[in-house]
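Observations on chain architecture
Each chain, letter by letter, is given below.
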Amino acid sequence: MNPFLFYFELGLNHVLDPKGLDHFYFLIVLTVPFTLFRWRSLLILVSLFTLGHTLSLWVAYEGWVRLPDAWIEFLIPITILATCLPLLFAKHPQKAAMRNPQWTGMLTVLFGLIHGLGFARYFKQIILEEDAYSGLLSFALGVETAQLIVVVLVLLVSYLFTNLLRVSPKKWLLLVGAIIATLAAEMSISNWPL
């Protein structure tokens, strides 16, 4: 198989794999406050997440960072819980992400770094040395493509609920935030590192 396609497909599957829902949950709560009309701001955040994810894979591959897997597996659902907080507690959750775009962007990169570290050990085991940088780029493109697929689906589902089924946007965000926060809390408890 062509190395580009192999790593690209690996990136796609990393996000879309039903056994690894943490990435999917994070994308849902990142996306749901946005509308189709604010897609540019959302695209920037999604790309910042991919940047953080890719940077952590790179530094882990180079051996510059090594954190205990148990802590990374615990921190991943914590990032999801943190992303749920504006949906649950902000007075205007749809505006919360854009009130301070620099802060939101930095947090998104940080969360991408943490999520990438969760995959770094496996990635380091399968990547061939001669494919390291091109494979990492192909993988990142696969991740970004899969994330855009998820984002479009979430935007469409949100539109269906808020515009066609007439669920109030605030209730919709509260419902999605509560469901994902509950799932992330269960993941955090089951991944407690101590």
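An account of the accompanying structure is given in this report. (Residues numbered from 1 in each chain as written. Predicted model: local features only at pLDDT ≥ 70, side-chain atom pairs only at ≥ 80, totals over all residues. Heavy atoms only, no water.)

Describing the environment of Gly63
With respect to the secondary-structure elements, Gly63 resides in the loop between α3 (39-62) and α4 (69-89). Look at Gly63 and you get partly exposed, because its relative accessible area is 47%. Through-space distance from the C-alpha of Gly63 to that of Lys124 is 9.6 Å; in sequence the pair is 61 residues apart. (Helix = DSSP H or I, 4+ residues; strand = E, 2+ residues; numbered from the N terminus. Buried < 20%, exposed > 50% of the residue type's maximum accessible area, 1.4 Å probe, protein only.)

A look at the nonpolar core
In this structure, Val32, Leu57, Ile80, Phe123, Phe139 and Ile180 are the most contacted members of the largest nonpolar core, which totals 46 residues. Here this core takes 9 residues from helix α7 (residues 132-164), the largest share from any one element. (Core = buried A, V, L, I, M, F, W, Y, C linked by side-chain atoms within 4.5 Å.)

Observations concerning the side chain of His53
Within the secondary structure, His53 is located in helix α3. Judged by relative accessible area, His53 falls into the buried class, the value being 1%. Dropping the residues within four chain positions of it, His53 is found in contact with His14, His23, Gly112, Leu113, His115, Gly116 and Phe139. (Contact = heavy atoms within 4.5 Å.)

Digging into the packing of aromatic side chains
Under the counting rule described, the total for this entry stands at 14 aromatic pairs. Ring plane angle 75 degrees and centroid distance 5.0 Å describe the contact between Trp58 and Trp64, whose orientation is recorded as edge-to-face. Looking at Trp64, the relative accessible area reads 54%, which means it is exposed. Centroid distance Phe119 to Phe123: 6.3 Å. Interplanar angle 40 degrees. Geometry classified as tilted. Of this pair, Phe119 and Phe123 both sit in helix α6 (residues 101-126), separated by 4 residues, roughly a single helical turn. Across the pair, Phe123 and Phe119 agree in class, each one buried. (Phe/Tyr/Trp six-rings, centres within 6.5 Å; stacked < 30°, edge-to-face > 60°.)

What about helix α8 (residues 169-190)?
What sets the pattern is the α-helix's 3.6 residues per turn: residues three or four places apart point alike. The first and last C-alpha atoms of α8 sit 32 Å apart over 22 residues, in line with the 32 Å expected at 1.5 Å per residue. Of all the residues in α8, the buried ones are Trp172, Leu173, Val176, Gly177, Ile180, Ala181, Ala184 and Ser188. Down the axis of α8, the smallest arc covering the buried residues is 145 degrees, so these residues share one side. Of the exposed residues in α8, the ones pointing more than 90 degrees away from its buried face are Lys171, Ile189 and Ser190. (Expected span 1.5 Å × (residues − 1). Arc of directions from axis to C-beta.)

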